[in-house]
Amino acid sequence: MLVGEARAVAARWVAENAADCHGAFLTGSTTVLPLDATLPTTSDVDVVVVVAGEVPAKLGKIPYRGVLVEVTFAARAEVATAADLSYHLAPSFHGDHVLADPTGHLARLRREVEPVFAAQGGARVDAVLATIEKRLSALDPAAPWPELVTAWLFPTSLMAVVPVVASLGTPTVRLRYLAARALLAPSRYEELLELLGCADVSRAVVARHLDTLAAVFDRAATVPHPPFFFSADITPAARPVAIDGSRVLVGRGDHREAVFWIVATAARCRMILNDEGMWFPDMVADLVGLPDPAALLARRDRVLAALPR
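Residues numbered from 1 in each chain as written. Predicted model: local features only at pLDDT ≥ 70, side-chain atom pairs only at ≥ 80, totals over all residues. Heavy atoms only, no water.

1. Quick word on the overall build of the protein chain
What counts is decided by this rule: Secondary structure follows DSSP: runs of H or I at least 4 residues long count as helices, runs of E at least 2 residues long count as strands, and numbering of each begins at the N terminus. In this setup the radius of gyration rests on C-alpha atoms only. A globule is expected at 2.2 Å times the number of residues raised to 0.38. Burial classes: relative accessible area under 20% of the type maximum marks a residue as buried, over 50% as exposed, and values in between as partly exposed (1.4 Å probe, protein chains only). By definition in these notes, contact holds between two residues if any of their heavy atoms fall within 4.5 Å.
The secondary structure content of the protein chain amounts to 12 helices and 5 strands. For the protein chain, whose C-alpha radius of gyration is 19 Å, the value lies close to the compact-globule estimate of 19 Å for 309 residues. Among the 309 residues that make up the protein chain, the fraction classed as buried is 50%. Relative to all contacts within the protein chain whose residues are 6 or more apart in sequence, the contacts with residues 24 or more apart total 70%.

See below:
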């Protein structure tokens, strides 16, 4: 399926399932791919639906007419003006990415964003850096290990988002390290991988842990569990992105770039299964070099020290 066709399918999902919304727009990788490019089978189409009142929980990945649509929600206040847009939403209004606009507000917002998008780039970089510092400074070393790993992993990985935002690009999640690699000098990119802890990890080690994760994912995806943030990504429908997408990276030699999402997915599976096996501690130790909370906090301090650079 072509990217343009997939975007049309996403718009149809919005029309059929969110007709009373205050607008909807695309984010993520499909906003930067050519419309006539083939959508990778390991990619989804990210849709943000704007709502009034309380923001619902993320719906996650929904198979719809041959497309995996990932649906999240945003409050109207998040898209009120150009100044209100976060660094990850602003690029959606630097181009034609609106799927539904019943009030015309999103079109007006795009006209407001376009002329100031480049000028506000520095402020968006500052916002990413502030997010990293705030979230890493708030780590609770007494939290359960999978929760602590997750709380450290995501703000640390935002280091890879900084050059993307600085270049006026569109931030991505799973492929953020690949995006950073294309923008940075090799020495600076290696520093990002060292801060994550996977600069020296071998392809064989990553592949072995991905095999373990695949089996764990299949168990976790079928276990009833209370919802938590991003738990909707651990479903059979999400497997092509979570597991198969990582296999593609490892298979072509981008195994270090796969580590971030492998560890993120593993932590979510561990929270669902709540087992006591060593697969998760071993994975975290082998892939990002963190055997315990003390090592994690020391790495946190290295990341914070690197922010000025």
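Having seen the model, we can carry on.
2. So, the sheet that holds strand β5 (residues 98-100)
For clarity, the threshold we go by: If DSSP finds at least two bridges between two strands, the strands pair. With axes taken as lines fitted to C-alpha atoms, and helix axes fitted only over the stretch in contact, angles between N-to-C directions fall between 0 and 180 degrees.
With mixed pairing, the 5 strands of this open sheet are ordered in space as β3-β4-β2-β1-β5. Taken across any chain shown, the strands that pair with only one partner, and hence form the sheet edges, are β3 (60-64) and β5. Here the average twist between neighbouring strands, direction ignored, is 35°. Strand direction decides the pairing type here: strand β1 (residues 24-27) and β5, joined by 2 bridges, are antiparallel. In the strand pairing of β5, A24 is matched with A100.

3. Details of helix α11 (residues 279-288)
Our working rule: The arc in question is the one traced by the directions running from the helix axis out to the C-beta atoms.
Within α11, the full set of buried residues consists of W279, F280, M283, V284, L287 and V288. Down the axis of α11, the buried set is contained in an arc of 125°. They therefore lie on one face. Elements that come into contact with the buried residues of α11 comprise α4 (145-157), α7 (186-196), α8 (203-220), α10 (255-273) and α12 (293-306). Following α11 by one or two positions, G289 adopts a phi angle in the positive range, close to 70°.

4. A look at unusual backbone geometry
Excluding glycine, most residues fall at negative phi; most peptide bonds, likewise, are trans. At R65, a position not held by glycine, the phi torsion is positive, near 50°. By secondary structure assignment, the location of R65 is in the loop between β3 and β4 (67-75). On the basis of relative accessibility, which here comes to 48%, the residue R65 falls in the partly exposed class. The phi angle at N274 is positive, at roughly 50°, despite the residue not being glycine. One can find N274 in the loop between α10 and α11.

5. What to know about the packing of aromatic side chains
What counts is decided by this rule: Whether two aromatic rings pair depends on their centres lying within 6.5 Å, for rings of Phe, Tyr and Trp, where Trp uses its six-membered ring; planes under 30 degrees apart make the pair stacked, over 60 edge-to-face, and the rest tilted. Note on geometry: a ring has a charge over it if NZ (lysine) or CZ (arginine) is within 6 Å of the ring centre and within 35 degrees of the ring normal.
In total, this model carries 6 aromatic pairs according to the counting rule given. Taken together, a centroid distance of 6.4 Å and an interplanar angle of 80° make the contact between F154 and W261 edge-to-face. With F154 in helix α4 and W261 in helix α10, this residue pair connects regions lying 107 residues apart in the sequence. A single burial state applies to F154 and to W261, both of which are buried. Between W279 and F280, the ring centres sit 5.7 Å apart and the planes meet at 70°, which makes this aromatic pair edge-to-face. Taken individually, W279 and F280 each receive the classification buried, so the pair is uniform in this respect. Members of the aromatic cluster, connected to one another through ring pairs, are F154, Y177, F260 and W261. When the ring centre of F117 is taken as origin, the NZ or CZ atom of R124, which lies over that ring, is 3.9 Å away.

6. A word on the pattern of salt bridges
Note the threshold: In what follows, salt bridge is the name for a side-chain nitrogen of Lys or Arg lying within 4 Å of a carboxyl oxygen of Asp or Glu.
Within this structure, the stated rule accounts for 23 salt bridges. Of the charged contacts in the structure, one is a salt bridge between D286 and R208, with a shortest N-O distance of 3.7 Å. Residue D286 is located in helix α11, and its partner R208 is located in helix α8; the two are separated by 78 residues in the primary sequence. Using a relative accessible area of 45% as the deciding quantity, one classes R208 as partly exposed.

7. What about the packing of α4 against α10?
Quick note on the threshold: Here the angle decides the label: under 35 degrees means roughly parallel, over 145 means roughly antiparallel, 65 to 115 means roughly perpendicular, and every other value means oblique. Two helices cross in a left-handed way if the nearer one is turned anticlockwise from the farther one by less than a right angle. They cross in a right-handed way if the turn is clockwise.
Where α4 contacts α10, the axes come no closer than 9 Å and their chain directions differ by 155°. Classified by the angle their axes make, α4 and α10 are roughly antiparallel. Crossing of α4 against α10: the hand is left-handed. Where α4 abuts α10, its residues P146, E147, V149, T150, L153, F154 and S157 lie against F260, W261, V263, A264, A267, R268, R270 and M271.

8. A few points about the pairing of β1
Taking every second residue as pointing to the same face, both faces of β1 are buried, with A24 and L26 on one and F25 and T27 on the other. Relative to strand β2 (residues 45-51), β1 runs antiparallel, the two sharing 4 bridges. Each residue of the ladder has a partner; that of T27, found in β2, is D46.

Geometric descriptors of this kind do not, in isolation, establish any biological role.
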